[in-house]
Amino acid sequence: MAGAPARYLVFFQYFGTRYSGVMETKSDQALVGVQNYLEKAAEQLKPAAPIKFHISSRTDSGVHALANAAHLDIQRGPGRAPFTGPQLVQGLNHHLRPQPICILSAQRVSSTFHARFCALSRTYIYRLLLGCAHRSQIPVFERDLCWAPPGGPGSMPRALSQALCGSSPLDIPAMREAAQFLLGTHDFSTFSSPQAEAQSPVRTLQQLQLQPSPSLLGQHHLHRGLEFWEVRVKSKSFLYRQVRRMVGALVAVGQARLSPAGLQELLALRDPRALPPSATAPPGGLFLHSVHYRHTGGHVLINYSLIINNY
């Protein structure tokens, strides 16, 4: 008789461009979910019962994760001891190759633990590359890992733009001013996708910062004139596409196509139709940075280069 199943919390990362998203999809699709590969790898561990990954945070196609989380139950055959954390990490990573998916850590948790519902907060970062006149200027190792939006409209005098934000083509101070209107508890319906499932649109943003960011490999001297910035946002949970739509609106502020007060008015409208789909930032610049729990902390990974080891 097989022993009782052991529950584990695992943190894992992936390069999202190759997948339909993190969640499982039908295997006959051109692109499948990261979960498909996780569970296929788990099958190779010869469990006594099928293994299902319960994912903490959903991400769309093209969105990356520096550290997502999931819990899973593993039941082994008679006389076989439960896996240790390191054994599970090694076994899953062996069977995940050559996919750009990596298990970062694994630890035993109680049978009542749930990766989605026990999370205290989730942190996302959105990476912006400023100073590109054309996509060809994006460094090779940054493609699909950032968004290079065009600068402000021609109506903004160049001298004023430089006075506001140095060599950046976006008005960073205006973006920071607008971001303050999004902090705290609000009805974020305007920044939810119109296709979102019905749920409460009220969320609390604990953090929303716009700050300089290093390039992937830190080779600034090879790409003079390019600036990397990141929007860092933290909340217990988010609406569908909320982060990408907020970033798109902030970039519109930086381009002087929307004022900070205009963004505040959009928030007050509580209508997803008020923000057109074209205003949504593309998925490639978005990373799930970390998921935090009360006792386990969060597996925080800040080395972007690890995500392209298998790219």
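Residues numbered from 1 in each chain as written. Predicted model: local features only at pLDDT ≥ 70, side-chain atom pairs only at ≥ 80, totals over all residues. Heavy atoms only, no water.

**Quick look at the overall build of the protein chain**
The helix and strand inventory of the protein chain stands at six helices and ten strands. Counting all 311 residues of the protein chain, 50% fall into the buried class. Partitioning the intrachain contacts of the protein chain with sequence separation of at least 6 by distance along the chain shows that 73% fall at a separation of at least 24. Only carbon and sulfur atoms are counted for the fraction: they give 53% of the accessible area of the protein chain, which is about 14800 Å². (Helix = DSSP H or I, 4+ residues; strand = E, 2+ residues; numbered from the N terminus. Buried < 20%, exposed > 50% of the residue type's maximum accessible area, 1.4 Å probe, protein only. Contact = heavy atoms within 4.5 Å. Areas by Shrake-Rupley, 256 points an atom, 1.4 Å probe, with all protein chains shown as cover.)

**Comments concerning unusual backbone geometry**
Omega for the bond connecting arginine 97 with proline 98 falls within 30 degrees of zero, at 5°, which places this linkage in the cis form. Along the chain, proline 98 turns up in the loop between helix 2 (85-96) and strand 4 (101-109). Of note in this structure, arginine 241 is not a glycine but carries a positive phi near 65°. Exposure remark for arginine 241: the relative accessible area of 33% places this residue in the partly exposed category. Although it is not a glycine, arginine 270 sits at a positive phi angle of roughly 55°. With respect to the secondary-structure elements, arginine 270 resides in the loop between helix 6 (260-269) and strand 9 (286-293). The class of arginine 270 is exposed, set by a relative accessible area of 54%.

**Here we look at the nonpolar core**
Counting 76 residues, the largest nonpolar core has Phe12, Phe53 and Leu128 as its most contacted members. Take this core: its biggest share by element is eight residues, from helix 5 (residues 242-254). Filtering out sequence-adjacent residues up to four positions away, leucine 128 remains in contact with Trp147, Pro149, Met175, Leu210, Glu227, Phe228, Trp229, Val231, Val247 and Val251. (Core = buried A, V, L, I, M, F, W, Y, C linked by side-chain atoms within 4.5 Å.)

**Concerning the environment of arginine 257**
Mapped onto the elements, arginine 257 comes out in the loop between helix 5 and helix 6. At 2.6 Å, the side chain of arginine 257 forms a polar contact with the side chain of glutamine 255. (Polar contact = N/O pair within 3.5 Å; in protein donor to acceptor, adjacent residues only side chain to side chain.)

**Describing the pattern of salt bridges**
A complete count under the given rule lists seven salt bridges for this structure. Where arginine 244 meets aspartate 60, a salt bridge forms, and the shortest distance between an N and an O atom there is 3.5 Å. Placement of arginine 244 in helix 5 and of aspartate 60 in the loop between strand 2 (54-55) and strand 3 (64-74) is noted, with a sequence separation of 184 residues between them. Here arginine 244 and aspartate 60 have matching classes, each one buried. (Salt bridge = Lys/Arg side-chain N within 4 Å of Asp/Glu carboxyl O.)

**Here's the deal with the side chain of glutamate 230**
Tracing the backbone through its elements, the reader meets glutamate 230 in strand 8 (residues 227-235). What makes glutamate 230 buried here is its relative accessible area of 3%. Here serine 213 takes part through its side chain, which lies 3.5 Å from a polar atom of the side chain of glutamate 230.

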